[in-house]
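# Geometric and topological summary
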Amino acid sequence: MSLRKFISNKTMAALAVLVTVFANTSAFAQEAAAGAATAAPKPIDMFPIYKSVAFYAMLFLLLCLFIAIVGKAIRVYELTREAQDKPDSINWNTVNGIIFVLFLIAGLAGVYFEYTVHGNMILPDAASEHGKKIDSMFNITLILTTIVFIGTHITLFLFSFYYRNSGKRKAYYYPHNNALERIWTIVPALVLTVLVLMGFLTWRSIFYKVDDPNNKPLSIEITSQQFLWTIRYPGADGVVGLKNYKLITGTNGLGMDFKDKNNLDDQNADEMVIPVNKPVRLILTSKDVVHSFYMPHFRVQLNTVPGMTSYFEFTPTITTADMQTKVNDPAFKFLFYCSKICGSGHYNMQKVVRVVSQAEYDAWIVKQPKFINNDLRKQFNLPIVPEPAAGAAPASAPADSTATPAKDSSAVAMNKPALKK
């Protein structure tokens, strides 16, 4: 049954009236009962009502009833004028044409609103080298599609208004034009080909880089699981050690194979800290389901897939402190997220990313703990290392009893961005 027949059906209209009357009667009865129960008036909480399906079903029926009443009234008015041999008072072709023009104006106003209001809510300039290329592609695509959108809609709506039926012209029979079909086939094909080639070349420039021997990338392994990230730095050797899922235990959550000497100095971190203008090579893995590693400000996004290792290399170009100044927000932080809906705790899968100077990074990385401990050494038959006594000063700390290792110069240097807040 069409909507027009539905709202014109007398049975449905009567049913809507009965439901409305019943609902109002029930509401009055409940209010009277509440008033009789207590003398003091109580505020009515409408929130549960707004959440109910019956409330919106009632609104829909009332809207249908209103449209039916207005339609019947207009129809009665037209039949009355027809019975009196009077000309039609409403030219529906003109009404529809005016409605088209109003929709055109509203649509153009919506485009302006999106650019001026929501346009200010988009991400700031990319904080990575390849991000500039991605932003350039995005801007070119947005400009082209906006021009096409505005041009086609102005033509469509004004055409509908200007050539509305007035009874004074006959529609021109124009079934086919080879020249027009070539134009609207070839031009979009060329534009889309250019956009696809730009995307392909940009993709190749990101994933197929020539390593600079004088500026080798910093490797960082990111392992995803429901619902957290584990960050592993390669240690002094610069090489991330091997893993094997069969070695995963309560004490060896990543399944690191400590028979591989590259694992012995690998470090754990609660945040990702990377030096500015230094290539970073991300090694992405997953322990359970497919997640999506997403760093919006660096224009980095790649899935982490169980049983497969993915790689992404980028170079940060803006420090956290500089971005705080750029966006005028002292509390600004770079973050990375999971952009897949991977379960109930998905919202909590995020880590802080700090972009700092090389000196600040060097001071920070030496303080990060190693993954290996004596329990793992026993498991892999490695020499046990004596644990430092509680309260003992680090070997590099001065013997002076007034020394405060937690406040050494490197820690102060590492916290400089925070002090600028």
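Notes on the structure in this doc start here. Just so you know, these numbers come straight off a predicted model, no measurement behind them.

Taking strand neighbours across the sheet as the criterion, the five strands line up as β3-β2-β1-β5-β8 in an open arrangement whose pairing is mixed. Each of the sheet's edge strands pairs with one partner strand only, and the pair in question is β3 (267-269) and β8 (310-314). Averaged over all pairs of adjacent strands, the angle between their axes in this sheet comes to 25°, without regard to strand direction. By the bridge criterion, five bridges tie strand β5 (residues 280-286) to β8 in an arrangement that is antiparallel.

This next bit is on unusual backbone geometry. The linkage connecting Gln-226 with the following residue, Phe-227, adopts the cis geometry, with an omega of 0°. Looking at where Phe-227 falls in the secondary structure, it is placed in the loop between β1 (218-225) and β2 (228-233). The backbone phi angle of Arg-299 is positive, close to 55°, even though this residue is not glycine. Along the chain, Arg-299 turns up in the loop between β6 (291-295) and β7 (300-304). For Arg-299, a relative accessible area of 14% puts it in the buried group. Positive phi, normally seen in glycine, also occurs at Asn-328, with a value near 55°. By the element assignment, Asn-328 lies in the loop between α8 (320-326) and β9 (334-338). Owing to a relative accessible area of 67%, Asn-328 belongs among the exposed residues under this scheme.

A separate point is the packing of helix α5 (residues 92-116) against helix α6 (residues 129-162). Between α5 and α6, the least distance of the axes is 8 Å, while the angle of their chain directions is 165°. In this view, α5 runs roughly antiparallel relative to α6, as classed from their interaxial angle. You can see that α5 and α6 cross each other, and the crossing is left-handed. Here Gly-97, Ile-98, Phe-100, Val-101, Phe-103, Leu-104, Leu-108, Val-111 and Tyr-115 of α5 come into contact with α6, specifically with Leu-142, Thr-146, Phe-149, Ile-150, His-153, Ile-154, Phe-157, Leu-158, Ser-160 and Phe-161. Split into classes, the residues belonging to the contact of α5 with α6 amount to 15 nonpolar, four polar and no charged.

Let us now look at helix α4 (residues 53-83). For α4, built from 31 residues, the straight-helix expectation of 45 Å at 1.5 Å per residue is met to within 8% by its first-to-last C-alpha distance of 45 Å. Within the span of α4, buried status applies to Cys-64, Leu-65 and Ala-68. Looking one or two residues past α4, Asp-85 carries a phi angle of roughly 55°, positive in sign.

Among the seven residues in β5, six count as buried, and that is most of the element. Taken together, the seven bridges between β1 and β5 define a ladder with parallel strand orientation. Paired with Ile-220 across the bridge in β5 is Leu-282.

Attention now moves to the sheet that holds β9. Pairing within the open sheet is mixed, and its five strands lie in the order β4-β10-β9-β6-β7. Unpaired on one side and paired on the other, β4 (272-275) and β7 mark the two borders of the sheet. Going from strand to strand, the sheet's axes swing by 20° on average, the running direction of each strand aside. Judged from the four bridges that link them, β4 and strand β10 (residues 350-356) form a sheet pairing that is parallel. Following the sheet pairing, Val-273 is matched in β10 by Arg-354.

Cut-offs and rules
- Residues numbered from 1 in each chain as written.
- Predicted model: local features only at pLDDT ≥ 70, side-chain atom pairs only at ≥ 80, totals over all residues.
- Heavy atoms only, no water.
- Pairing = 2+ DSSP bridges.
- Helix = DSSP H or I, 4+ residues; strand = E, 2+ residues; numbered from the N terminus.
- Axes fitted to C-alpha atoms, helices over the stretch in contact; angles between N-to-C directions.
- Buried < 20%, exposed > 50% of the residue type's maximum accessible area, 1.4 Å probe, protein only.
- Parallel < 35°, antiparallel > 145°, perpendicular 65-115°, else oblique.
- Left-handed = near helix turned anticlockwise from the far one by under 90°.
- Contact = heavy atoms within 4.5 Å.
- Nonpolar A, V, L, I, M, F, W, Y, C, P; charged D, E, K, R; others polar.
- Expected span 1.5 Å × (residues − 1).

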